[in-house]
Amino acid sequence: MPRLRYAVFRDRAVLTDSDTFEFSLSGLQGVSALDIVIRATNGATSNQGVPISTDIDKIEVVDGSKVIYSLSGVQARALNCYEMGRYPTILADERAAAVQEEIFRISFGRRVGDPLYWFDPARYANPMLRVTLSLTISATAGFATGTGRVSVIGHVWDQKPGGRLGCMIAKEYKSYTSVASGDDRANLPVDLPYRMLIVRAYETAIAWHTDITQVKLTLDNDSYVPLDVRAEQLRNLNAERFGLFRTSQVLFRTDADAPECWLAYPIEWAANALQDLDIASVDAQTIDQLTLQLITLAATPTVAKSTTDRAINLIAAGYLPHFAACIPFGQLDEPASWLSPEGVGKMELVLTQGGAGAAVSIFGQQVGP
(Lines give C-alpha, C1' and ligand atoms only; values in the text may rest on other atoms or scores of the structure.)
Protein backbone atom coordinates (compact mmCIF):
# COMPACT_ATOMS: atom_id res chain seq x y z
CA MET A 1 0.00 0.00 0.00
CA PRO A 2 1.42 3.43 -0.95
CA ARG A 3 2.59 5.49 2.02
CA LEU A 4 2.62 9.27 2.02
CA ARG A 5 5.67 10.96 3.54
CA TYR A 6 6.83 14.49 4.30
CA ALA A 7 10.17 15.02 2.58
CA VAL A 8 12.40 18.10 2.94
CA PHE A 9 14.17 18.39 -0.42
CA ARG A 10 15.81 21.77 0.21
CA ASP A 11 16.21 23.39 3.62
CA ARG A 12 16.69 27.17 3.64
CA ALA A 13 18.78 27.31 0.50
CA VAL A 14 20.36 30.74 0.01
CA LEU A 15 18.70 33.13 -2.45
CA THR A 16 20.14 36.27 -3.96
CA ASP A 17 17.97 39.40 -3.84
CA SER A 18 16.77 38.79 -7.40
CA ASP A 19 16.92 35.09 -8.10
CA THR A 20 15.46 32.15 -9.96
CA PHE A 21 15.56 28.95 -7.93
CA GLU A 22 15.13 25.59 -9.67
CA PHE A 23 14.59 22.09 -8.36
CA SER A 24 14.21 18.97 -10.50
CA LEU A 25 11.20 16.74 -9.78
CA SER A 26 12.55 13.84 -11.84
CA GLY A 27 12.84 10.53 -10.06
CA LEU A 28 10.01 11.06 -7.58
CA GLN A 29 7.37 8.31 -7.51
CA GLY A 30 4.34 10.53 -7.05
CA VAL A 31 3.78 14.03 -5.68
CA SER A 32 0.61 15.03 -3.85
CA ALA A 33 1.74 18.58 -3.04
CA LEU A 34 4.78 20.81 -2.80
CA ASP A 35 5.27 23.40 -0.07
CA ILE A 36 7.55 26.27 -1.02
CA VAL A 37 8.66 28.16 2.10
CA ILE A 38 10.21 31.59 1.50
CA ARG A 39 11.79 33.57 4.34
CA ALA A 40 13.73 36.82 4.56
CA THR A 41 14.91 39.24 7.26
CA ASN A 42 13.52 42.76 7.49
CA GLY A 43 15.60 45.88 7.10
CA ALA A 44 17.46 47.34 10.06
CA THR A 45 14.66 49.81 10.91
CA SER A 46 11.47 48.05 9.80
CA ASN A 47 9.65 46.56 6.84
CA GLN A 48 6.43 48.49 6.50
CA GLY A 49 3.97 47.15 3.96
CA VAL A 50 6.08 44.67 1.97
CA PRO A 51 5.03 41.05 2.64
CA ILE A 52 7.03 38.29 0.97
CA SER A 53 4.17 37.30 -1.35
CA THR A 54 4.33 40.60 -3.25
CA ASP A 55 8.01 39.96 -4.06
CA ILE A 56 7.40 36.49 -5.55
CA ASP A 57 7.18 37.09 -9.29
CA LYS A 58 6.27 33.54 -10.26
CA ILE A 59 6.03 30.01 -8.92
CA GLU A 60 6.09 27.40 -11.67
CA VAL A 61 6.13 23.70 -12.40
CA VAL A 62 7.19 23.25 -16.01
CA ASP A 63 8.44 20.63 -18.42
CA GLY A 64 10.25 22.57 -21.12
CA SER A 65 7.57 24.75 -22.70
CA LYS A 66 4.73 22.79 -21.07
CA VAL A 67 3.25 24.60 -18.06
CA ILE A 68 1.69 22.58 -15.24
CA TYR A 69 1.56 25.40 -12.68
CA SER A 70 2.35 29.11 -13.05
CA LEU A 71 1.13 31.80 -10.64
CA SER A 72 2.55 34.83 -8.87
CA GLY A 73 3.04 34.74 -5.10
CA VAL A 74 -0.15 36.68 -4.44
CA GLN A 75 -2.15 34.53 -6.88
CA ALA A 76 -0.81 31.36 -5.25
CA ARG A 77 -1.91 32.60 -1.81
CA ALA A 78 -5.38 33.44 -3.10
CA LEU A 79 -5.73 29.99 -4.70
CA ASN A 80 -4.51 28.36 -1.46
CA CYS A 81 -7.21 30.24 0.45
CA TYR A 82 -9.97 28.72 -1.65
CA GLU A 83 -8.37 25.26 -1.75
CA MET A 84 -7.88 25.13 2.02
CA GLY A 85 -10.90 27.16 3.12
CA ARG A 86 -8.66 29.31 5.35
CA TYR A 87 -5.85 31.82 5.06
CA PRO A 88 -2.55 29.91 4.59
CA THR A 89 0.33 29.89 7.05
CA ILE A 90 2.23 33.16 7.35
CA LEU A 91 4.66 34.79 9.79
CA ALA A 92 4.20 38.49 9.04
CA ASP A 93 6.15 40.90 11.24
CA GLU A 94 7.19 44.43 10.29
CA ARG A 95 9.63 44.99 13.16
CA ALA A 96 13.32 45.70 12.69
CA ALA A 97 15.35 42.65 11.63
CA ALA A 98 12.37 40.33 12.14
CA VAL A 99 12.30 37.16 10.02
CA GLN A 100 9.20 36.87 7.85
CA GLU A 101 8.07 33.59 6.33
CA GLU A 102 5.32 32.50 3.95
CA ILE A 103 4.30 29.06 2.69
CA PHE A 104 2.98 28.59 -0.84
CA ARG A 105 1.43 25.18 -1.52
CA ILE A 106 1.18 23.65 -4.98
CA SER A 107 -1.64 21.13 -4.64
CA PHE A 108 -1.86 18.48 -7.32
CA GLY A 109 -4.93 16.90 -5.73
CA ARG A 110 -8.14 17.92 -4.04
CA ARG A 111 -6.24 17.71 -0.75
CA VAL A 112 -2.90 16.43 0.50
CA GLY A 113 -2.91 12.66 0.16
CA ASP A 114 -5.61 12.50 -2.53
CA PRO A 115 -4.99 9.03 -4.08
CA LEU A 116 -6.87 9.84 -7.31
CA TYR A 117 -5.27 13.14 -8.31
CA TRP A 118 -1.49 13.62 -8.05
CA PHE A 119 1.51 14.63 -10.10
CA ASP A 120 3.46 11.86 -11.83
CA PRO A 121 6.95 13.12 -12.77
CA ALA A 122 7.53 10.04 -14.91
CA ARG A 123 5.05 11.39 -17.47
CA TYR A 124 7.43 14.24 -18.29
CA ALA A 125 10.95 14.50 -19.72
CA ASN A 126 12.33 17.13 -17.32
CA PRO A 127 9.78 18.36 -14.76
CA MET A 128 11.09 21.35 -12.87
CA LEU A 129 9.97 23.52 -9.96
CA ARG A 130 10.99 27.12 -10.56
CA VAL A 131 10.61 30.10 -8.21
CA THR A 132 11.42 33.61 -9.42
CA LEU A 133 11.60 36.44 -6.91
CA SER A 134 12.76 40.04 -6.64
CA LEU A 135 13.09 41.01 -2.98
CA THR A 136 12.54 44.66 -2.11
CA ILE A 137 15.73 45.82 -0.39
CA SER A 138 15.23 48.65 2.07
CA ALA A 139 16.07 49.55 5.65
CA THR A 140 12.50 50.74 6.32
CA ALA A 141 10.16 49.19 3.73
CA GLY A 142 11.76 45.98 2.60
CA PHE A 143 14.29 43.29 3.43
CA ALA A 144 17.97 43.21 4.28
CA THR A 145 20.15 42.22 1.35
CA GLY A 146 21.26 38.60 1.12
CA THR A 147 18.74 37.23 3.63
CA GLY A 148 16.39 35.35 1.31
CA ARG A 149 16.02 31.61 1.87
CA VAL A 150 13.87 28.91 0.25
CA SER A 151 12.81 25.46 1.46
CA VAL A 152 11.08 22.85 -0.69
CA ILE A 153 9.00 20.25 1.10
CA GLY A 154 7.23 17.46 -0.73
CA HIS A 155 4.18 15.42 0.21
CA VAL A 156 5.18 12.31 -1.74
CA TRP A 157 4.43 8.60 -1.95
CA ASP A 158 6.96 5.82 -1.67
CA GLN A 159 5.12 4.07 -4.51
CA LYS A 160 2.48 5.19 -6.96
CA PRO A 161 -1.18 4.84 -5.90
CA GLY A 162 -3.34 2.98 -8.35
CA GLY A 163 -6.39 4.38 -10.11
CA ARG A 164 -4.91 7.81 -10.86
CA LEU A 165 -7.34 10.14 -12.69
CA GLY A 166 -5.02 13.10 -13.33
CA CYS A 167 -3.63 16.09 -11.46
CA MET A 168 -4.62 19.67 -10.74
CA ILE A 169 -2.94 22.31 -12.83
CA ALA A 170 -3.12 26.05 -12.24
CA LYS A 171 -2.18 28.99 -14.42
CA GLU A 172 -3.03 32.56 -15.32
CA TYR A 173 -5.19 33.03 -18.40
CA LYS A 174 -5.15 36.81 -18.71
CA SER A 175 -4.01 39.95 -16.92
CA TYR A 176 -4.65 43.61 -17.70
CA THR A 177 -5.35 47.02 -16.15
CA SER A 178 -9.02 47.92 -15.89
CA VAL A 179 -10.53 50.93 -17.62
CA ALA A 180 -13.42 53.13 -16.56
CA SER A 181 -16.17 51.31 -18.46
CA GLY A 182 -16.97 48.59 -20.96
CA ASP A 183 -16.64 44.81 -21.06
CA ASP A 184 -13.40 42.88 -21.14
CA ARG A 185 -13.81 39.49 -22.77
CA ALA A 186 -11.27 36.81 -21.89
CA ASN A 187 -11.12 33.71 -24.07
CA LEU A 188 -10.50 30.72 -21.83
CA PRO A 189 -9.02 27.40 -22.96
CA VAL A 190 -11.51 24.60 -23.55
CA ASP A 191 -9.05 21.72 -23.40
CA LEU A 192 -9.50 20.52 -19.81
CA PRO A 193 -12.20 20.45 -17.09
CA TYR A 194 -12.34 23.36 -14.63
CA ARG A 195 -12.50 23.00 -10.87
CA MET A 196 -12.49 26.75 -10.18
CA LEU A 197 -11.82 30.15 -11.73
CA ILE A 198 -10.51 33.13 -9.78
CA VAL A 199 -10.84 36.81 -10.65
CA ARG A 200 -8.51 39.27 -8.93
CA ALA A 201 -8.99 43.02 -9.27
CA TYR A 202 -6.68 44.98 -6.99
CA GLU A 203 -6.44 48.73 -6.64
CA THR A 204 -5.31 50.39 -3.42
CA ALA A 205 -8.29 51.51 -1.31
CA ILE A 206 -10.82 50.91 -4.13
CA ALA A 207 -13.66 48.43 -3.68
CA TRP A 208 -13.46 45.25 -5.76
CA HIS A 209 -17.01 45.79 -7.02
CA THR A 210 -16.14 49.33 -8.16
CA ASP A 211 -13.53 48.20 -10.67
CA ILE A 212 -15.49 45.06 -11.68
CA THR A 213 -19.26 45.48 -11.62
CA GLN A 214 -20.55 42.33 -13.39
CA VAL A 215 -19.14 38.84 -13.91
CA LYS A 216 -20.40 36.58 -16.67
CA LEU A 217 -19.19 33.19 -17.86
CA THR A 218 -20.55 32.22 -21.25
CA LEU A 219 -20.11 29.17 -23.45
CA ASP A 220 -20.62 29.16 -27.21
CA ASN A 221 -22.02 32.70 -27.43
CA ASP A 222 -24.57 32.31 -24.62
CA SER A 223 -25.70 28.83 -25.56
CA TYR A 224 -25.00 28.08 -21.91
CA VAL A 225 -24.33 30.73 -19.25
CA PRO A 226 -23.10 29.12 -15.99
CA LEU A 227 -22.79 32.48 -14.23
CA ASP A 228 -24.02 36.04 -14.77
CA VAL A 229 -24.09 38.09 -11.55
CA ARG A 230 -23.27 41.48 -10.12
CA ALA A 231 -19.86 41.68 -8.47
CA GLU A 232 -21.48 42.12 -5.04
CA GLN A 233 -23.54 38.97 -5.64
CA LEU A 234 -20.38 36.98 -6.41
CA ARG A 235 -18.90 38.36 -3.18
CA ASN A 236 -21.97 37.15 -1.29
CA LEU A 237 -21.78 33.72 -2.92
CA ASN A 238 -18.14 33.49 -1.82
CA ALA A 239 -19.09 34.54 1.71
CA GLU A 240 -21.74 31.82 1.92
CA ARG A 241 -19.56 29.15 0.34
CA PHE A 242 -16.21 29.78 2.04
CA GLY A 243 -16.98 31.84 5.13
CA LEU A 244 -14.58 34.29 6.75
CA PHE A 245 -10.87 34.38 6.04
CA ARG A 246 -8.74 35.57 8.96
CA THR A 247 -5.41 37.35 8.67
CA SER A 248 -2.91 38.25 11.36
CA GLN A 249 0.23 40.36 11.29
CA VAL A 250 2.56 42.23 13.64
CA LEU A 251 2.85 45.82 12.48
CA PHE A 252 5.45 48.44 13.33
CA ARG A 253 3.40 51.61 12.94
CA THR A 254 2.22 54.73 14.68
CA ASP A 255 -1.02 56.69 15.07
CA ALA A 256 -2.96 57.37 11.83
CA ASP A 257 -1.04 54.82 9.77
CA ALA A 258 -3.31 52.75 7.52
CA PRO A 259 -1.90 49.25 6.84
CA GLU A 260 -3.55 46.80 4.48
CA CYS A 261 -5.23 43.69 5.92
CA TRP A 262 -5.16 41.67 2.61
CA LEU A 263 -8.96 41.36 2.46
CA ALA A 264 -11.17 43.16 -0.04
CA TYR A 265 -14.09 43.13 2.42
CA PRO A 266 -12.94 43.12 6.06
CA ILE A 267 -15.89 43.03 8.44
CA GLU A 268 -14.13 42.35 11.75
CA TRP A 269 -10.83 43.65 13.09
CA ALA A 270 -8.88 44.30 16.26
CA ALA A 271 -5.56 45.95 17.09
CA ASN A 272 -3.52 45.37 20.22
CA ALA A 273 -0.36 47.27 21.16
CA LEU A 274 2.52 45.05 22.28
CA GLN A 275 4.26 47.59 24.51
CA ASP A 276 3.35 48.58 28.05
CA LEU A 277 1.38 51.85 28.35
CA ASP A 278 0.42 51.79 24.66
CA ILE A 279 -3.20 51.37 23.59
CA ALA A 280 -4.07 50.54 19.97
CA SER A 281 -7.35 50.38 18.10
CA VAL A 282 -8.76 50.78 14.61
CA ASP A 283 -10.64 54.05 14.26
CA ALA A 284 -11.36 54.09 10.51
CA GLN A 285 -11.64 51.75 7.52
CA THR A 286 -11.07 52.48 3.84
CA ILE A 287 -11.76 49.24 1.96
CA ASP A 288 -8.74 47.04 2.90
CA GLN A 289 -6.88 49.75 4.80
CA LEU A 290 -7.45 49.94 8.57
CA THR A 291 -6.44 53.26 10.12
CA LEU A 292 -4.73 52.83 13.47
CA GLN A 293 -5.20 54.85 16.61
CA LEU A 294 -2.19 54.54 18.91
CA ILE A 295 -2.23 56.25 22.28
CA THR A 296 0.70 56.34 24.68
CA LEU A 297 0.07 56.73 28.40
CA ALA A 298 2.47 58.00 31.01
CA ALA A 299 2.55 57.56 34.78
CA THR A 300 2.19 61.32 35.35
CA PRO A 301 -0.52 60.69 34.01
CA THR A 302 -0.70 62.03 30.47
CA VAL A 303 -2.46 60.76 27.38
CA ALA A 304 -1.15 61.54 23.93
CA LYS A 305 -1.31 60.32 20.37
CA SER A 306 1.84 58.39 19.59
CA THR A 307 4.29 59.74 17.02
CA THR A 308 6.65 56.79 17.36
CA ASP A 309 6.37 53.46 15.57
CA ARG A 310 5.30 50.68 17.93
CA ALA A 311 4.65 46.96 17.63
CA ILE A 312 0.95 46.28 17.10
CA ASN A 313 -0.84 42.99 16.47
CA LEU A 314 -3.55 43.46 13.84
CA ILE A 315 -6.10 40.75 13.10
CA ALA A 316 -8.88 40.98 10.55
CA ALA A 317 -11.60 38.75 9.14
CA GLY A 318 -13.54 39.14 5.93
CA TYR A 319 -14.03 38.08 2.34
CA LEU A 320 -12.09 37.97 -0.95
CA PRO A 321 -8.50 37.47 0.22
CA HIS A 322 -6.06 39.56 -1.80
CA PHE A 323 -9.05 40.97 -3.76
CA ALA A 324 -9.61 37.60 -5.43
CA ALA A 325 -13.10 36.19 -5.96
CA CYS A 326 -13.62 32.50 -6.63
CA ILE A 327 -16.00 30.88 -9.12
CA PRO A 328 -16.18 27.27 -7.92
CA PHE A 329 -17.74 24.64 -10.14
CA GLY A 330 -19.99 22.18 -8.36
CA GLN A 331 -18.65 20.54 -5.23
CA LEU A 332 -14.87 20.86 -5.05
CA ASP A 333 -14.52 17.24 -3.93
CA GLU A 334 -16.78 15.78 -6.64
CA PRO A 335 -15.16 15.52 -10.09
CA ALA A 336 -18.48 14.80 -11.82
CA SER A 337 -19.75 18.24 -10.79
CA TRP A 338 -16.84 20.25 -12.23
CA LEU A 339 -17.25 22.21 -15.47
CA SER A 340 -16.35 20.10 -18.47
CA PRO A 341 -15.79 22.03 -21.73
CA GLU A 342 -16.16 18.87 -23.79
CA GLY A 343 -17.86 19.77 -27.05
CA VAL A 344 -17.57 23.50 -26.31
CA GLY A 345 -16.06 25.63 -29.06
CA LYS A 346 -15.77 28.92 -27.19
CA MET A 347 -15.64 29.89 -23.51
CA GLU A 348 -15.47 33.51 -22.37
CA LEU A 349 -15.28 35.29 -19.04
CA VAL A 350 -16.84 38.72 -19.47
CA LEU A 351 -15.95 41.32 -16.83
CA THR A 352 -17.85 44.60 -16.89
CA GLN A 353 -15.55 47.39 -15.74
CA GLY A 354 -16.54 50.36 -13.61
CA GLY A 355 -13.21 51.89 -12.61
CA ALA A 356 -9.82 52.48 -14.18
CA GLY A 357 -6.52 51.42 -12.67
CA ALA A 358 -7.13 48.00 -11.11
CA ALA A 359 -4.63 45.20 -11.70
CA VAL A 360 -6.92 42.45 -13.00
CA SER A 361 -5.91 38.84 -13.44
CA ILE A 362 -7.90 35.76 -14.31
CA PHE A 363 -6.48 32.41 -13.26
CA GLY A 364 -7.84 29.04 -12.30
CA GLN A 365 -7.45 25.38 -11.60
CA GLN A 366 -8.08 22.67 -14.16
CA VAL A 367 -7.67 18.91 -14.26
CA GLY A 368 -4.70 17.84 -16.33
CA PRO A 369 -3.58 14.39 -17.43
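Residues numbered from 1 in each chain as written. Predicted model: local features only at pLDDT ≥ 70, side-chain atom pairs only at ≥ 80, totals over all residues. Heavy atoms only, no water.

Caption draft 1: Focus on unusual backbone geometry. Not every positive phi belongs to a glycine, and His322 is a case in point at roughly 55°. Here His322 lies in the loop between strand E21 (310–321) and strand E22 (324–328). Judged by relative accessible area, which is 7%, His322 ranks as buried. If you check the backbone angles, Phe323 has positive phi at about 60° while not being a glycine. By the element assignment, Phe323 lies in the loop between E21 and E22. (Helix = DSSP H or I, 4+ residues; strand = E, 2+ residues; numbered from the N terminus. Buried < 20%, exposed > 50% of the residue type's maximum accessible area, 1.4 Å probe, protein only.)

Caption draft 2: Spotlight on the sheet that holds strand E20 (residues 302–305). Pairing in this open sheet of 3 strands is antiparallel, and the strands run E18-E19-E20 from one edge to the other. Looking at strand neighbours, the two that pair on one side only are strand E18 (278–286) and E20, the edges of this open sheet. Averaged over all pairs of adjacent strands, the angle between strand axes in this sheet comes to 25°, irrespective of strand direction. (Pairing = 2+ DSSP bridges. Axes fitted to C-alpha atoms, helices over the stretch in contact; angles between N-to-C directions.)

Caption draft 3: Quick peek at the state of the cysteines. Counted under the stated rule, the structure contains 0 disulfides. For Cys81, which is in no disulfide, the shortest distance to another cysteine sulfur is to Cys326 and amounts to 10 Å. The thiol of Cys261 is unpaired, and the distance to the nearest cysteine sulfur, on Cys81, comes to 12 Å. (Disulfide = S-S within 2.5 Å.)

Caption draft 4: Structural context of helix H3 (residues 231–242). Taking 1.5 Å per residue, 12 residues should reach 16 Å; H3 reaches 16 Å between its end C-alpha atoms and fits that length. Residues of H3 that are buried: Ala231, Leu234, Arg235, Asn238, Ala239 and Phe242. Down the axis, H3 shows its buried residues gathered within 145° of arc, on one side only. Following H3 by one or two positions, Gly243 has its phi on the positive side, about 75°. (Expected span 1.5 Å × (residues − 1). Arc of directions from axis to C-beta.)

Caption draft 5: Local environment of the layout of surface pockets. Of the voids in this model, the largest pocket is the one considered here, and its volume is about 600 Å³. At the level of elements, strand E4 (56–63), strand E5 (66–71), helix H1 (73–84), strand E11 (167–177), strand E13 (194–202), strand E16 (245–253) and strand E24 (359–368) are the ones that each hand at least two residues to the lining of the largest pocket. Looking at which element gives the most residues to the lining of the largest pocket, the answer is E11, with 4 residues. Classifying every residue of the lining of the largest pocket gives 14 nonpolar, 13 polar and 10 charged. A volume near 180 Å³ is recorded for the second largest pocket. Elements that contribute at least two residues to the lining of the second largest pocket include exactly strand E15 (224–230), H3 and E22. Among the elements that take part in the lining of the second largest pocket, H3 stands out by supplying 4 residues, more than any other. Classifying every residue of the lining of the second largest pocket by side-chain character gives 10 nonpolar, 1 polar and 1 charged. (1 Å grid on protein atoms, 1.4 Å probe; cavity = no way out; pocket = protein on both sides within 12 Å on 5 of 7 lines; lining within 4 Å. Points joined across faces, edges and corners; volume = space filled by probe spheres on them. Nonpolar A, V, L, I, M, F, W, Y, C, P; charged D, E, K, R; others polar.)

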